[in-house]
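One letter stands for each residue in the lines below.
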Amino acid sequence: IVCPNGCELEAEIVDGKCISVSGNLCPKGAQYAAQEVEAPKRTIASSVAVKNGVLPLVSVRLNRVVPKEKLFEVMAEIRKLSLNAPVHTGDLIVENILGLGSDLIATKNVKISWLTRKSIGFGNIKKRNTILWRPLALPFFFVSGSLWD
């Protein structure tokens, strides 16, 4: 077993229980090895689709570890999700996912897209993805002569 700190650990296992650990440089290494043998846990970082956002996806993560054998079930739940913009860092996306005691939270901001803002009444565009071209009213300055006069 390789510890997150880089230590190469050796664990003595009897009947699925960790009896002793060697190779650890700190007590956390022994705890990690025992957890890996008896009940491995993982965290998940993924992404979720965002509708009407300036980005099509928002990054998300679990705030607590979940049992390793539940990873595929948790990912299946995450794949079902779709959010509406805006999304803010720290937003709670799913509370207590699958009853495992871990929450899914957003780790990035995704603003509402310009076209969506226009379509919901911030401008004169009535349909999403329809762009109305209008002449640009810029002031023009007429100068007689050349620049070197």
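Worth saying up front: this structure is predicted, and the values here are computed from it rather than measured. Position labels on residues start from 1 in each chain and follow its written sequence. In keeping with the predicted nature of the model, local features appear solely for residues at pLDDT of at least 70, side-chain atom pairs appear and are counted solely at 80 or more, and the whole-chain, interface and lining totals rest on all residues. Excluded from the side-chain calculations are hydrogens and water; all other atoms, namely the structure's heavy atoms, are used.

## Things to note about the sheet that holds strand S8 (residues 92-94)
Worth spelling out the cut-off: In this analysis, strands are considered paired if DSSP registers two or more bridges between them. The numbering of helices and of strands both runs from the N terminus, where a helix is a DSSP run of H or I of at least 4 residues and a strand a run of E of at least 2. Only the stretch in contact is used when fitting a helix axis, every axis being a line fitted to C-alpha atoms; angles between N-to-C directions are given from 0 to 180 degrees.
Strand order in the open sheet formed by five strands is S7-S4-S5-S9-S8, and the pairing between neighbours is mixed. Edge positions in the sheet fall to strand S7 (82-84) and S8, since each of these pairs with one other strand and no more. For this sheet, the mean angle separating the axes of adjacent strands, direction not counted, is 45°. Relative to S7, strand S4 (residues 45-51) is paired through three bridges, and the arrangement is parallel. Across the sheet, residue Ala49 finds its bridge partner in S7, namely Ser82.

## Considerations on the environment of Leu71
Defined as follows: Residue contacts are defined here by distance: any two heavy atoms, one from each residue, within 4.5 Å place the two residues in contact.
With respect to the secondary-structure elements, Leu71 resides in helix H2 (residues 71-79). On a C-alpha basis, the gap between Leu71 and Arg42 in space is 7.7 Å, while along the polypeptide they are 29 residues apart. Residues within four places of Leu71 in sequence aside, it is in contact with Arg42, Ile44 and Val66.

## Some remarks on the side chain of Glu36
So the rule is basically this: Partly exposed residues are those whose accessible area sits between 20% and 50% of the maximum for their type, while under 20% is buried and over 50% is exposed, using a 1.4 Å probe and protein chains only. Polar contacts, as used here, are pairs of N or O atoms within 3.5 Å; protein pairs need one atom able to donate a hydrogen and one able to accept it. Residues neighboring in sequence count only if both atoms are side-chain atoms.
Structurally, Glu36 can be placed in helix H1 (residues 27-38). On the basis of relative accessibility, which here comes to 17%, the residue Glu36 falls in the buried class. Looking at Glu36, its side chain comes within polar contact range of the side chain of Arg42, at 2.7 Å.

## Comments concerning H1
Using the following cut-off: One less than the number of residues in a helix, times 1.5 Å, gives the span that helix is expected to have. Think of it as the arc spanned by the lines of direction from the helix axis to the C-beta atoms.
Over its twelve residues, H1 extends 17 Å from the first C-alpha to the last, a length consistent with the 16 Å expected when each residue adds 1.5 Å. Every buried residue belonging to H1 is among Gly29, Ala33 and Glu36, and all of these are buried. What you see down the axis of H1 is that its buried residues fit within an arc of 65°, all on one side. The exposed set on the far side of H1, more than 90 degrees from its buried face, consists of Pro27, Lys28 and Gln31.

In short, the description is geometric, and any link to function would need to be established separately.
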